[in-house]
Each structure stands twice: as structure tokens, then as C-alpha cells.
Amino acid sequence: MGRAMAKWFVIVVMLCMAPGVHAQQQGFSALARIDPEASTLTDTRRGLELRLTLSQGVPYRVFTLDEPARLVLDFREIDWQGVSGAAFARAERATAVRLGQIRPGWSRMVVDLAGPHVLGSAGLEVDRVTGAGNLRVVLGAPDAEAFAARAGTPDLPGWDLPNPEGALVAPERRVPGEGPLFVVLDPGHGGIDPGAQFGGVTEKDLMLQFALELKEVLLRDGRFDVVLTRDADEFVPLERRVALAHQGRADVFLSLHADALSGARARGASVYTLSESASDEASAALAERHNRADILAGVDLSGKDDVVADILIDLARQETQPRAERLAKTVLTTLKAQDLPLLSRPLRHAGFSVLKAPDIPSVLLELGFLSSARDLENLRDPAWRARMAGALRDAMLVWRREDGARAGLVRQ
């Protein structure tokens, strides 16, 4: 998981067409196509140059990510059908190119860089008659410090938030301990983001398989409502995953992952909750957002200044975070009791984006390590996955009962 830095170099463009261009092209309503024969990725004297020939101009953004170094291009309405990343992998300074959809109507191109080549410029020229577009992106000489300072995903309106029509149907907010427990399962990674990889196995595939199996176990129990943040091999932005949980008014958010560490002997499951320092940073960042409809379920923060919003978010987190901690501990206690392998220090804390919902108890479960032969064998074993799913079901039922009892004491 790459770290998002405080600064970034990002270009976002939407060009207006000439009066003679068809209205469909002016509104960017049709999918644009890439001409691979006229598109190139080449080494320059000190860096790299990418040229894409598009059937029409589309809104786009360009930015870089660190650890490892990547160039990322997001587009609206690009159709990659018939085009593979291999068609662009012609430069020594680019180790791989990946293409995919990040959500309906939004596409992404990722160029894995051989070094921290700094993003220099990007520009889209649109033919005033045909509407065809030519995009040119130039990266300069490698500079690790400058690259790190500019790297990071920009937080821009409309790029990482879910479409309103894709919202979950939200059940009525319930008193803790009453009615079905509404769980949002978040299988990590997906689409062009494979996650950890080891021996031909990818984290995204294993986690989706386990999430689907866990969903069935929970639904068969009859005491759960369950929604997945993705139910196919597709890319879902981190912010969209949390927004889906908010829109569904989830009782629990459970993110599923499986790491891989080269040269390390780590093995066994672990559970992460949001760290205290990350909680403070998350509250401040959330308070700065202009669209605050989904920050706190049932509380309208629009019209509130940042100080008031920050206080309300912090108050919500003061109640939620202890509940998340108790959920994490209950999960670990249950896994240990059922003889499922745990990491030597299994309760951990981090600033993962998917844990930052201030009003939903959220935990991230690392089921094991793909780099451990034992863990990988377990993750690929249907019987072991069934045991793990059953243990998680049991843990959430125990936590739900205890959480409801505490809520009852508060009401009294």
C-alpha cells in the first residue's frame, strides 16, 4: 500500500470542442477509444514520454505514486477493449503497463516506472474538426526526493466518490443488539490493483473468493445482512469502499487482506484498527471536505465550519473507536480459541484509509501471508477457509451481543 504524500503534481483537463463538433463529442457521452498503432511509450534522453491517440477528447488527470514508482492516468469514458498493456511496454524505463476500469465510465492506465522519474508536463490537444485527442505526458530525470514530494492521489471532487445511482439501499438505523447485524465485507484490491502477489497467486483473487464464502456463511446464519464492496474483479477506490458502508448505514466494516513479505518469516492472521494519531489526522481531513453528506450517518454537517465539524467527527470516533477495538480483540480471541494461526503480535494499529469511517466500527483483517507456505496452503484450502469464516461469524455474534449490552447500559 503506497503512502499518499501531502503534495502532488496533478493535471486535470476538460477541453471545450469547436462549434462544428457533434454534440455527443462535446458532452463526452460516448466511450473514447485508444489507437494503439498511433500510441507510444518511449525512453527520452533523461526520462520517458507517453503519447496516446484518442478517438475523442475526454476529461483526464495525471499523477504519480511512490513505493513503487508509478505514473497513473485516469480518464472518463475510455474503452480499453482490444488494447493490452503489452502494446505500450516498449521503453526500458517502464517495466509494465496495466489498463482497467476503476468504475463504470472511469478508466485507468498505470505505468510501472524503473525509477522515480519526475512528472514534468502533460497536455491534451483536440482536433477542432474531428474531436480526436492527442495526449502527451513527459517525465524527466529520476529524483527520489522530488518524486516523493509530489507523489500521491489527489482528492478532487467527482473522481473518487461513488455515483449516487450506485448507492446501497440503506436500512433503518437500528439500536445496537437489535435486528440483523449489517456487515460490509471489503475484499481488498481488485481489477488493475492485484495487491500482494506470490507464486502466481494474487491477493485480490483470494480475498474475493473468501469474501463471497464468508457472505454465504453469514447469510445462512440468518442473523446478518451482508454487502460486499466488490463482488467481481474490479477496481474500487478506497474512498468509495467507505462511502458504500456509510450509504448502507453499516454496523460493521470488515476489510479482508493477505500480505506478502519477501525474505520474512511472518505468518498467521492479524487484525488492525485505526491508530490514535491517524484518527486525529482523519478527523481534520474529513472536516475539510466540502461534500459532508456521508461523513456521519444521520448527521448533516453541511453548513458547519471545519472546527465544529472536526469536533462532531471526533465525538463520533470517541464512541466508535472503543467498539472497533473490542471487535478486533473478540475476533482474535475467537480465532485463538478455534486454533486458527495468529501472528506473534496479532493486534495492530495503522492509518489505513478504509478504517477511517468515524461512526462505523471498522477493522482490517490480514488472514495470513502469501509468502508463508503454510498460510498460502491454508488460504487455498476450502476447508480452512470455511473454519475461518465460521470463526468470524462466531466472533461478530459475540461482539454484537456484548456491544448491545453496553448500549443498553448507556441508554439506562
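Structure: above.
What comes next is a walk through the structure. This structure is a prediction, so every number in the text was calculated from the model and none was measured.

Quick notes on the sheet that holds strand S18 (residues 342-350)
Here's step 1: Taken together, the six strands give an open sheet; going across it, the order is S15-S12-S16-S19-S17-S18, and neighbouring strands pair in mixed fashion. Each end of this open sheet is capped by a strand with a single partner; those strands are strand S15 (224-228) and S18. Each neighbouring strand pair of the sheet contributes to a mean axis angle of 25°, computed without reference to strand direction.
Here's step 2: Bridge analysis of strand S12 (residues 181-187) against strand S16 (residues 252-259) gives five bridges, and the strand direction is parallel. Across the sheet, residue valine 184 finds its bridge partner in S16, namely phenylalanine 253.
Here's step 3: Lying on the sheet, helix H3 (residues 203-221) is in contact with S12, S15, S16 and strand S19 (362-369); it crosses S15 at an angle near 160°.

A short note on helix H4 (residues 238-247)
Here's step 1: Here H4 lies mainly inside the structure; eight of its ten residues are buried.
Here's step 2: Turning to H4, its buried residues are Arg240, Arg241, Val242, Ala243, Leu244, Ala245, His246 and Gln247.
Here's step 3: Taken together, the buried residues of H4 touch S12 and S16.
Here's step 4: Phi for arginine 249, located one or two positions after H4, is positive at around 55°.

A short note on H3
Owing to its 3.6 residues per turn, the α-helix aligns residues three or four sequence positions apart on the same side.
Here's step 1: Compared with the 27 Å implied by 1.5 Å per residue over 19 residues, the 27 Å span of H3 between its first and last C-alpha is a close match.
Here's step 2: Glycine 222, located one to two residues past H3, shows a positive phi value of around 90°.

Here's the deal with the packing of aromatic side chains
Here's step 1: Counted under the stated rule, the structure contains one aromatic pair.
Here's step 2: Measuring from centroid to centroid gives 6.1 Å for phenylalanine 75 and tryptophan 80, while their planes differ by 80°, and the two rings are edge-to-face.
Here's step 3: Classification of phenylalanine 75 by relative accessible area gives buried; the value is 0%.

Some points on the pairing of strand S4 (residues 48-54)
Here's step 1: In terms of burial, S4 is largely enclosed, as six of its seven residues are buried.
Here's step 2: Of the strand pairs in this sheet, strand S3 (residues 40-43) and S4 are connected by four bridges, and their pairing is antiparallel. Directly across from leucine 41, in S4, lies its bridge partner leucine 50.
Here's step 3: The loop that links S3 with its antiparallel partner S4 comprises four residues.
Here's step 4: Here S4 pairs with strand S11 (residues 133-142) via seven bridges, running antiparallel.

Comments concerning the pattern of salt bridges
Here's step 1: Here the structure, examined in full by the defined rule, presents 14 salt bridges.
Here's step 2: Across the pair arginine 33 and aspartate 79 runs a salt bridge, and its minimum N-O distance is 3.7 Å. Here arginine 33, found in strand S2 (residues 32-33), pairs with aspartate 79, found in strand S7 (residues 78-79); they are 46 residues apart in sequence, far enough to count as distant.
Here's step 3: Arginine 33 sits in the partly exposed class, given a relative accessible area of 38%.

What about the side chain of glutamate 203?
Here's step 1: Here glutamate 203 is to be found in helix H3.
Here's step 2: At a separation of 2.9 Å, a polar atom in the side chain of glutamate 203 contacts the main-chain amide nitrogen of alanine 258.
Here's step 3: Ignoring sequence-local partners within four residues, the contact set of glutamate 203 consists of His189, Pro194, Gly195, Ala196, His257, Ala258 and Leu370.

Describing the environment of valine 83
Here's step 1: Checked against the element boundaries, valine 83 lands in the loop between S7 and strand S8 (94-103).
Here's step 2: Residue valine 83 is classed as buried on the basis of its relative accessible area, which comes to 14%.
Here's step 3: Residues valine 83 and aspartate 35, spaced 48 residues apart in sequence, show a C-alpha to C-alpha distance of 8.5 Å.
Here's step 4: Those residues within four positions of valine 83 in sequence are excluded, and the remaining contacts are Ile34, Pro36, Phe88 and Leu99.

What counts, and where the lines are drawn
Residues numbered from 1 in each chain as written. Predicted model: local features only at pLDDT ≥ 70, side-chain atom pairs only at ≥ 80, totals over all residues. Heavy atoms only, no water. Pairing = 2+ DSSP bridges. Helix = DSSP H or I, 4+ residues; strand = E, 2+ residues; numbered from the N terminus. Axes fitted to C-alpha atoms, helices over the stretch in contact; angles between N-to-C directions. Contact = heavy atoms within 4.5 Å. Buried < 20%, exposed > 50% of the residue type's maximum accessible area, 1.4 Å probe, protein only. Expected span 1.5 Å × (residues − 1). Phe/Tyr/Trp six-rings, centres within 6.5 Å; stacked < 30°, edge-to-face > 60°. Salt bridge = Lys/Arg side-chain N within 4 Å of Asp/Glu carboxyl O. Polar contact = N/O pair within 3.5 Å; in protein donor to acceptor, adjacent residues only side chain to side chain.

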